[in-house]
Amino acid sequence: MPIPITLVKASVKTDTTGARTDVPVLVTPAGVLEPLLDYFLARAHDRSLQWMLGVARAVRLFLEYLSTNPAERDNYRLFLNFGQRLYTGSYDRQSGADPSGLGWSPLSEPRARKVVTALNDFFDYLSQARPAAALFNPKYAGSTYDRMVDEAAYQYRRDKAFLGHTWATSLGTAGDAPGRLFRAKRGVQVETSEPPAFPDQHFERLITEGFRIGERYDYRNILITVLMHCAGFRESEPFHLYISDVLPDPANSKASLVLIHHPSDGDAPADWYDPQGRQRKGNRRAYLQERWGLKPRNEVLGYHHAGWKGGAHEHDLGSLYFRAYWFEPWWGEFFRAVWYRYLGEVAVHERKHPFAFVNTDREPTGHMYALAQFNKAHARAVRRIGLEVSKAAGTTPHGHRHAYGQRLREAGVPRELIRRFMHHSSLSSQEPYTMPSLASAMKELGAAAQRLESTMRPPGALSAVLES
């Protein structure tokens, strides 16, 4: 049976300051898996918590495999067999037996690829950062499980280097970097017939009926949904919005100018003063820490976490931010009208944070609104208007961003402007959002046939084939 391994949250101090770093850790029967903890602490400044969680899950799978296959630990086939079991699962196809006790079902190709990639990077780090482990030092101070991972990393590096040298010599490319020992299976290319976009014909009903409970409108969730559907934001991005980030639009006083600033590197708002009453300046990380005793939400491991995927930020107005580009200007005006109604609800609650979206009807009122709460509220709203909640149907929150991209493409907006409006860093990033639907493809095919109709053989000439 595999060893019991638990994934938990840890708050770690690495020096004599009061600073702490929140990271996920794996706890084995011998304690915290230190190589993985070291890896996360080394990458905490430039990698997200979601990335760390993915790596931790991959390492847990590998440790479970190691513990049930001890005889393979010192052989390069360990990596090959582990990777193949990700694709095949651990059960015998005929008998259904699994003597290892792993109980693995086959992973999809994308998930297996992520596991293999995460372990490749982790082992590369270990082979450089822990040279004592690579020498099999008998005085090595790590636990049994720490040593198990380090020895596997050493074996991985040794075998990869050997095989890489052999391949390079045979191919005449000795100067190139060696390839991976085990390569993840190539993914199947898929042509999406119906991009998972929220159906535009139901959006008005979602706002007017889905987010209406009795005689009361849910202004908070209407605002978040409008930001996604009508300005193309990702579902996590509105959860970084401060109340001070919503301003009157200089180009249209009836509309809102919405700037969602970078969670840590964006400029602090104006309500930050030193003990002498002078306005403080700095980034949002410093502001959150000194003014509120908080971290940016993309660095919080837990219920109030909100991701930040990044992209191309703007800075024309100072700071680093994503601007809301309303596909139809009227939505900026609608947002502003709803925003003032929402502010009336927020005003009666005490807030110990600067974030715009808060609990208004459930305890603890005034606290940060969580992404998980919004996902549940959105699902309930979708069901109220008689739709099924599914990614394929586009009725999950992310479907609104797809709908925004689809409308931009159908309106003939140039690709470079779509990239800017959706805050992508490259033109290729927009492709999943602007892929034409099957209906659009068939319409274009029909139009192309009509354009060529004058040069085609008259359909009547083919009747002889049918009459024979």
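Residues numbered from 1 in each chain as written. Predicted model: local features only at pLDDT ≥ 70, side-chain atom pairs only at ≥ 80, totals over all residues. Heavy atoms only, no water.

## What about helix H12 (residues 398-410)?
Across its 13 residues, H12 extends 19 Å between first and last C-alpha, which sits within 8% of the 18 Å expected from 1.5 Å per residue. Counted residue by residue, H12 has 10 buried out of 13 residues, so it is predominantly covered. Within H12, burial applies to Gly399, His400, Arg401, His402, Ala403, Tyr404, Gly405, Gln406, Arg407 and Leu408. Backbone geometry just after H12 places glycine 412 at a positive phi near 80°. (Helix = DSSP H or I, 4+ residues; strand = E, 2+ residues; numbered from the N terminus. Expected span 1.5 Å × (residues − 1). Buried < 20%, exposed > 50% of the residue type's maximum accessible area, 1.4 Å probe, protein only.)

## Quick look at the pairing of strand E2 (residues 21-28)
Counted residue by residue, E2 has six buried out of eight residues, so it is predominantly covered. Where strand E1 (residues 6-12) lies against E2, seven bridges are found, and the strand directions are antiparallel. Residue pairing for E2: valine 8 is matched across the bridge by valine 25. Pairing of E2 with strand E3 (residues 31-32), which is carried by two bridges, proceeds in the antiparallel orientation. (Pairing = 2+ DSSP bridges.)

## Focus on the side chain of arginine 407
You can see arginine 407 is positioned in helix H12. The buried category is assigned to arginine 407, whose relative accessible area is 13%.

## Some details on the nonpolar core
Within the largest apolar cluster, 46 residues are counted, with the highest numbers of intra-cluster contacts made by Leu36, Phe40, Phe62 and Phe123. Within the residue set of this core, elements represented by two or more residues are E1, E2, helix H1 (34-43), helix H2 (49-68), helix H3 (77-88), helix H4 (109-129) and helix H6 (144-171). For this core, the leading source of residues is H2, giving 12 residues. In contact with phenylalanine 62, other than residues within four places in its own chain, are Leu78, Phe79, Phe82, Leu119, Phe123 and Ala152. (Core = buried A, V, L, I, M, F, W, Y, C linked by side-chain atoms within 4.5 Å. Contact = heavy atoms within 4.5 Å.)

## A few points about the sheet that holds strand E8 (residues 321-323)
Strand order in the open sheet made by the three strands is E6-E7-E8, with antiparallel pairing throughout. The open sheet has two free edges, formed respectively by strand E6 (246-249) and E8, since each of these has just one partner strand. The mean angle between the axes of side-by-side strands here comes to 35°, regardless of whether they run parallel or antiparallel. Pairing analysis gives three bridges linking strand E7 (residues 252-261) to E8, with the strands arranged antiparallel. In the strand pairing of E8, isoleucine 260 is matched with phenylalanine 322. (Axes fitted to C-alpha atoms, helices over the stretch in contact; angles between N-to-C directions.)

## A closer look at the environment of tyrosine 145
Here tyrosine 145 shows up in helix H6. By relative accessible area, tyrosine 145 is classed as buried at 14%. Along the chain, tyrosine 145 and serine 67 lie 78 residues apart, while their C-alpha atoms are 9.2 Å from each other.

## Side note on helix H8 (residues 219-231)
The terminal C-alpha atoms of H8, which comprises 13 residues, lie 17 Å apart, in line with the 18 Å expected from a rise of 1.5 Å per residue. Taken across its 13 residues, H8 has 13 buried, putting it largely inside the fold. Backbone geometry just downstream of H8 places glycine 232 in the positive-phi region, at approximately 80°.

## Considerations on the side chain of threonine 360
Looking at the element boundaries, threonine 360 is found in the loop between helix H10 (329-346) and helix H11 (371-384). In contact with threonine 360, other than residues within four places in its own chain, are Arg216, Arg220, Tyr342, Glu345, His349 and Thr365.

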